[in-house]
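# Reading the structure
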Amino acid sequence: MADHDLQIPLAERLRPKTLDEYIGQDQIVGPDGPLRLAIRAGSLPSIIFWGPPGVGKTTLAQILADELKKPMFSLSAINSGVKDVREVIERASRKDLLSQSKPILFIDEIHRFSKSQQDSLLAAVEKGIVTLIGATTENPSFEVIPALLSRSQVYVLEAFGVSELQAMLDRALKEDDWLKDQKIKVKETKSLFQLSGGDGRKLLNTLELIVQSTGEKATITDELVMKVVRTKMARYDKTGEQHYDIISAFIKSIRGSDPNASVYWLARMIEGGEDPLFIARRLLILASEDIGNANPQALVIANSCYQAVHSIGYPECRITLSQCAIYLATSAKSNASYSAIGEAQAKVRETGDLSVPLHIRNAPTKLMKELGYGKEYKYAHSYDNGFIDQEFLPDEISGQTFYRPGANKRESAIKEWLKSLWKNRYDY
């Protein structure tokens, strides 16, 4: 292999060129998958690919363009503005007129586009000037404007499993000229696969790093992988390759009430260029999942943080994120609300559609009233302390407990209040 080829990362050298070379995502690219059918029909709708990093979103977009012989224009939402979008749409319009083939506009990390940036795409998609393919690691229901989302098909790409990762590893060792020259022997793969986290690009980057560090005829073992990666880990931090590991460490540090570790992992994400709204969303989730009614103000703080981050962006929003992370880390913790909805959903799946008790049904018509709907309902405000003992659950699960207040000052007070009202029913 020529020296200049080695400047191209292994993952890029092995990027699939056709659907037959593509590994994984059989639910959409298999023999009867929707993308195969679209290619056969020669017609492609606008698409949003949603999935974690390194699962082939960009690759699929390029393969679709090649298979359908359509020109493709690419933008990264990280460094593109409304002006860039308009310029590329204008170029696409000219290309469309010349080739009679509707161009594909690929936008990587489309969730980072603001509403105004996404609005600037809408007219081109509506008029059929371009076929949009957006890639996102975030739920498009929250991050893509409804008008654009309604005009696109959303396909979910999944993290790779062991079989797909093994296939990628085998292909790399078999097809890459440089790797073949190194005469590498892979004895163990567990650490390689664990470090990849289901990310194909990360797997190949890690493999390349290890081979570069060990030289020819090396035998790759789990011990060797961990030794090399620990030494070279900083190389990956700046590029966001540890995206999910670091957000996990961040969340667990806050849950564990350690503000120092929380700020450290926050700093790692900020220095790595993480999307600040991604961090703010995770704080908002944590405020309910891990703190809940132990400190209801936590949700207010986290929501205010999200709004502030949305308004001011980097670099100033790092201060707001730090304030919120420290507040949540030093707050009392409770997962009682999280556990309660989980148990309630499990009971619904187990018992199905149980009938609503007659006394708490709605009775808007004469017939419903004659049938007893709402007849024995007792209006709580008409009784002392605004409370009257009555059943609100279906008969089949009467007395079922889902919410168990946490062992913290505020929820201990909630527990005593419930016991005073319900006596034995809420005797935790």
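Conventions and cut-offs
Residues numbered from 1 in each chain as written. Predicted model: local features only at pLDDT ≥ 70, side-chain atom pairs only at ≥ 80, totals over all residues. Heavy atoms only, no water. Helix = DSSP H or I, 4+ residues; strand = E, 2+ residues; numbered from the N terminus. Core = buried A, V, L, I, M, F, W, Y, C linked by side-chain atoms within 4.5 Å. Buried < 20%, exposed > 50% of the residue type's maximum accessible area, 1.4 Å probe, protein only. Expected span 1.5 Å × (residues − 1). Arc of directions from axis to C-beta. Disulfide = S-S within 2.5 Å. Axes fitted to C-alpha atoms, helices over the stretch in contact; angles between N-to-C directions. Parallel < 35°, antiparallel > 145°, perpendicular 65-115°, else oblique. Left-handed = near helix turned anticlockwise from the far one by under 90°. Contact = heavy atoms within 4.5 Å. Nonpolar A, V, L, I, M, F, W, Y, C, P; charged D, E, K, R; others polar. Pairing = 2+ DSSP bridges. pLDDT = per-residue confidence, 0-100.

Turning our eyes to something else, we now look at unusual backbone geometry. Following Tyr314, the chain continues to Pro315 via a peptide bond in cis, the omega torsion being 0°. The phi dihedral of Gln25 is positive, around 55°, even though this residue is not glycine. Note on placement: Gln25 falls in the loop between helix 1 (10-13) and helix 2 (26-29).

The subject of this paragraph is the nonpolar core. Leu35, Phe49, Leu60 and Ile133 are the most contacted members of the largest nonpolar core, which has 50 residues in total. Looking at this core, the element that brings in the most residues is helix 12 (residues 200-214), giving six residues. In this structure, Leu266, Ala298, Leu321 and Leu328 belong to the second largest nonpolar core, which totals 26 residues.

In this section: helix 9 (residues 162-175). Because each turn of an α-helix spans 3.6 residues, side chains separated by three or four positions in sequence point in the same direction. The end-to-end C-alpha separation of helix 9 is 20 Å, in line with the 20 Å expected for 14 residues at 1.5 Å each. Every buried residue of helix 9 is accounted for by Leu165, Met168, Leu169, Arg171 and Ala172. End-on view of helix 9: buried residues confined to an arc of 160°, all on one side of the axis. For helix 9, exposure combined with an orientation more than 90 degrees from the buried face picks out Val162, Ser163 and Lys174.

Moving on, we get to the state of the cysteines. For the structure shown, the criterion picks out zero disulfides. Cys324 supplies the cysteine sulfur nearest to Cys305, a cysteine that is in no disulfide, at a spacing of 4.1 Å. In this structure Cys317 is a free cysteine whose sulfur lies 8.0 Å from that of Cys305, the closest cysteine sulfur available.

Time to look at the packing of helix 9 against helix 12. Across the interface, helix 9 lies against helix 12 with an axial gap of 10 Å and an inter-helix angle of 40°. With respect to each other, helix 9 and helix 12 are oriented oblique. Between helix 9 and helix 12 lies a crossing of right-handed hand. Contacts from Leu165, Met168, Leu169 and Ala172 in helix 9 reach Gly200, Leu203, Leu204 and Leu207 in helix 12. Split by residue class, the contact of helix 9 with helix 12 holds seven nonpolar, one polar and no charged.

The next point concerns the sheet that holds strand 3 (residues 104-108). In spatial order, the strands read 2-3-4-1-5; together these five strands make up an open sheet with parallel pairing. Edge positions in the open sheet fall to strand 2 (72-76) and strand 5 (152-156), since each of these has one partner strand only. Shown here is a sheet whose adjacent strand axes are inclined to one another by a mean of 15°, direction ignored.

Counting all residues, the mean pLDDT for the protein chain is 85, and 93% of those residues have values of 70 or more. Across the protein chain, the secondary-structure element scoring lowest on mean pLDDT is helix 14 (residues 234-237), at 41, and the one scoring highest is helix 19 (residues 317-329), at 95. Considering only residues more than four positions removed or in separate chains, one finds that residues 233-241, a stretch of pLDDT under 50, has 17 contacts.

A word on the packing of helix 18 (residues 297-312) against helix 19. Interaxial distance between helix 18 and helix 19 falls to 9 Å at its minimum, and their mutual angle equals 170°. By the angle between their directions, the pair helix 18 and helix 19 is classed as roughly antiparallel. Within the contact between the two elements, helix 18 uses Gln297, Ala298, Ile301, Ala302, Cys305, Ala308, Val309 and Ile312 and helix 19 uses Cys317, Thr320, Leu321, Cys324, Tyr327 and Leu328. A class-by-class count of the residues in the contact of helix 18 with helix 19 yields 12 nonpolar, two polar and no charged.

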